[in-house]
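# Notes for the structure review
Here's the letter readout for the chains.
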Amino acid sequence: MTKKLMKMKEALVLALVAVFALTSMAYAGTTQVGLVDSAVALPGGFTPGPLVGGITSGVTFARELFGTCPSGTAVVIPEGANNYFGVVYTMNTAVTTSGFFFIEFNLKNAKWGEALADTSLVYEPIAGGTVKVSKTQGGQTWESFAKYIITPADNNTDKGDKYTLIFKVKDATALATPGTKLPIEIKLYTDAGNQLDSTETPWYATSAYGANLEVKKDPTHDDFKIDVMQGSKFFTAPPESVSSTHVILGLLNLGNDGAKEDDGKTDFRLGLGDANGTTKGELVITGTFNAAKKAPGMLYLGVDANSDGIYEWKKEGFTIDTTVTPHKATLALDVTGLQYLADKARTPAGSCKIGMMVDGVTEIDQMKAEDHLPHAVFTLNYGNPCYIDHVVESDLNPVEKNGSFARKTFLLSPSQAGGAGTLRNFVRVTNPSTTDGSVFFTVINDAGDSCMFNLKEVTDSYDTQAVTDKLKAKASTQFISVDKIYEVAQKKDPKFSIKPYSDASALPKPSKLRLDVNAEFGVTGDWSGVVVDAISPSTDGTGFTLWGKQ
């Protein structure tokens, strides 16, 4: 037996040396991996049949399938009674044995999904030989290795002989990370336990996102502005906006990436198969939406179904809108809506629009980098405890005013409300740009109430109109008393007041004011936009104090 074994080793070494000269690595066999149907016979009547559909590499599954299941539940792949992975090991050289040899299989990051049997390793001879195949170790569903003893009837296995392991796996949660590959190690041993070849590690499964999800800004509609010349209640004209009350904040893309369902054959598609039934989507948009919370204001999802580049509200076949709170909107998609959007992603209609409409009455809030951009979070919930829900998020297009902006966060209470006493408080507005422009005040009290009006409606400390129309380039106003500003606010809105507030330690006190200033002119060259100073002269006339954020 020893002589025969040595003869077998010598023959194998010579074959490996020849291969090594060409490939820099020696193998006694080559592998092919794919799916097999255990009900289809191989040529010559052997079962299982050839690799299904010409697959010659591992299968890419949808990573969503590989979450952490409840106790006692396991995802087994490939799903289906006759559906198996197949690893075909083809002998590159003839091997003469002293009676038998071993083939060992080791899974990485998975366990056998179905107990292996003697018949799980199928022998297909190239020239009519016969062997006995017996499983000697492993192969149980709590294990990840298996060892087979191969006993050729004539003590030989020929070049071209094939050994095909058919198997399923479970606990493959590593596939939750897209791009992870599951390998299976294959080793051949002599009856003395000496390895015949280098270890083969073909991969039989990997993963990718089944659903391609994306939330992002819309770069084709990001130039719209809040128009301060219309009281900041409307947007600038198209094409930057859809209309003066309608803008696109961002895009939601849904698609299918070609990964497979748990059977390894069927494409993973939203609304069908594994992703059907309880699958639903939810888009949560956060920001400041005071101008969109009253009808006809709203936030919505919609598709440009006729692909003309313009989404027409409720005229193009798909719209989801929702009730908007001052800071949040939640839009829900059922499985039918998800499928529709995924199908549209393959057409010129493309992305789903995330749009906002305003009421044309309420001042539109800015949402920009320093004030927090509108933000969207989309969650795809499969409703299956074993599946991984998919979450994507992104900032959306900024919502900014045209021209320029300045803010004073602290003004003394007007004297007529008993807040300032003998102290006096003034503001001064400067246009450092090279362009004349209108200026608008928005006065805000501590309760958050606000009132907006044009600077030309205010009189200065000389009781003359602060500006006759627009603030001239390079010009500044005279001092404007906070009392005068408050008077105009109360005339514009009698409900606006310096509401008292109280706490446990003091008597009720009148609130202070804040001032937002929007100007039609913007930054020009080295010059900034509108500048606002808040000033309080000392009671003895020897100095002054600058108030608020400078």
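Residues numbered from 1 in each chain as written. Predicted model: local features only at pLDDT ≥ 70, side-chain atom pairs only at ≥ 80, totals over all residues. Heavy atoms only, no water.

Here we take up the layout of surface pockets. Considering only enclosed or pocket space, the largest pocket measures out at about 1,100 Å³ in volume. In terms of lining, the largest pocket is formed by 33 residues, of which the most central are Asn290, Glu363, Asp365, Thr442 and Ser450. Of all elements in the fold, only β24 (404–411), β26 (439–445), β27 (450–454) and β31 (513–519) reach the threshold of two or more residues within the lining of the largest pocket. Sorting elements by how many residues they give to the lining of the largest pocket places β27 first, with 3 residues. Residues belonging to the lining of the largest pocket are distributed by class as follows: 8 nonpolar, 9 polar and 16 charged. (1 Å grid on protein atoms, 1.4 Å probe; cavity = no way out; pocket = protein on both sides within 12 Å on 5 of 7 lines; lining within 4 Å. Points joined across faces, edges and corners; volume = space filled by probe spheres on them. Helix = DSSP H or I, 4+ residues; strand = E, 2+ residues; numbered from the N terminus. Nonpolar A, V, L, I, M, F, W, Y, C, P; charged D, E, K, R; others polar.)

With antiparallel pairing, 4 strands are arranged side by side in an open sheet as β20-β17-β22-β23. The strands lining the two open edges of the sheet, one partner per strand, are β20 (328–333) and β23 (390–395). Taking each pair of neighbouring strands and ignoring which way they run, the sheet shows an average axis angle of 15°. Both strand β17 (residues 280–286) and strand β22 (residues 375–381) contribute to a ladder of 7 bridges, which runs antiparallel. Each residue of the ladder has a partner; that of Gly281, found in β22, is Leu380. Helix-sheet contacts for helix α2 (residues 335–344) involve β17, β20 and β22, and the interaxial angle to β20 is about 85°. (Pairing = 2+ DSSP bridges. Axes fitted to C-alpha atoms, helices over the stretch in contact; angles between N-to-C directions. Contact = heavy atoms within 4.5 Å.)

As a further point, take the state of the cysteines. In this structure the tally under the stated criterion is 1 disulfide. Disulfide pairing places Cys69 opposite Cys386 at an S-S distance of 2.2 Å. Judged by the torsion about the S-S bond (140°), the Cys69/Cys386 disulfide is right-handed. Here Cys69 is found in the loop between β2 (59–62) and β3 (83–91), whereas its partner Cys386 is found in the loop between β22 and β23, with 317 residues between them in sequence. (Disulfide = S-S within 2.5 Å.)

Let us now look at the pattern of salt bridges. Applying the stated criterion across every chain yields a total of 11 salt bridges. The closest approach of N and O atoms between Lys401 and Glu363, which form a salt bridge, is 2.9 Å. Of this pair, Lys401 sits in the loop between β23 and β24 while Glu363 is found in the loop between β21 (352–357) and β22, placing the two residues 38 residues apart along the sequence. Each member of the pair, Lys401 as well as Glu363, is classed as buried. One salt bridge connects Lys472 with Asp436, and the closest N-O pair in it is separated by 3.7 Å. (Salt bridge = Lys/Arg side-chain N within 4 Å of Asp/Glu carboxyl O. Buried < 20%, exposed > 50% of the residue type's maximum accessible area, 1.4 Å probe, protein only.)

Here the focus is the packing of aromatic side chains. Counting across every chain of the model gives 16 aromatic pairs. Here the aromatic rings of Phe85 and Phe167 are separated by 5.5 Å at their centres, their planes lie at 35°, and the arrangement is tilted. One end of the pair, Phe85, is in strand β3; the other, Phe167, is in strand β11 (residues 162–167), with 82 residues separating them in the sequence. When the ring centre of Phe102 is taken as origin, the NZ or CZ atom of Lys147, which lies over that ring, is 4.8 Å away. (Phe/Tyr/Trp six-rings, centres within 6.5 Å; stacked < 30°, edge-to-face > 60°. Lys NZ or Arg CZ within 6 Å of the ring centre and 35° of its normal.)

Another aspect to go through is the sheet that holds β27. The strand order β24-β31-β26-β27 describes an open sheet built from 4 strands, whose pairing is antiparallel. Looking at the sheet topology across the chains shown, the edges are occupied by β24 and β27. Each strand axis lies, on average, 15° off the axis of its neighbour in the sheet, ignoring direction. Those strands touched by helix α3 (residues 482–492) are β24, β26, β27 and β31, and its axis lies near 100° from that of β27.

A separate point is the pairing of strand β5 (residues 101–107). Side-chain positions along a regular strand alternate between the two faces of the sheet. Of all 7 residues in β5, 7 are buried, a share of seventy percent or more. Taking every second residue as pointing to the same face, both faces of β5 are buried, with Phe101, Ile103, Phe105 and Leu107 on one and Phe102, Glu104 and Asn106 on the other. Of the strand pairs in this sheet, β5 and strand β9 (residues 145–152) are connected by 6 bridges, and their pairing is antiparallel. Across the sheet, residue Asn106 finds its bridge partner in β9, namely Phe145. Two strands pair when backbone bridges link them, and β5 and strand β13 (residues 181–190) are joined in this way by 7 bridges, in the antiparallel orientation. Opposite Ile103, over in β13, you have Leu188 as the bridge partner.

Our next topic: the nonpolar core. Counting 89 residues, the largest nonpolar core has Phe85, Phe167, Tyr204, Met356 and Phe378 as its most contacted members. Other than its neighbours up to four places away in sequence, Tyr204 contacts Val33, Gly58, Val59, Phe85, Leu107, Ala110, Phe167, Val169, Leu182, Pro183 and Ile184. In terms of nonpolar packing, the next biggest core, distinct from the first, is built from 30 residues, Leu455, Val467, Ile480 and Val517 among them. (Core = buried A, V, L, I, M, F, W, Y, C linked by side-chain atoms within 4.5 Å.)

Along the chain, Ser232 falls in the loop between β15 (211–217) and β16 (246–256). What makes Ser232 buried here is its relative accessible area of 1%. Among all residues touching Ser232, those that are not within four sequence positions of it are Ile226, Asp227, Thr362, Glu363, Ile364, Lys401 and Met452.

Of note, Asp218 is situated in the loop between β15 and β16. Classification of Asp218 by relative accessible area gives buried; the value is 2%. It is 7.2 Å that separates the C-alpha atoms of Asp218 and Ile248, two residues lying 30 residues apart in sequence. Separated by 2.8 Å, the side chains of Asp218 and His221 make a polar contact. (Polar contact = N/O pair within 3.5 Å; in protein donor to acceptor, adjacent residues only side chain to side chain.)

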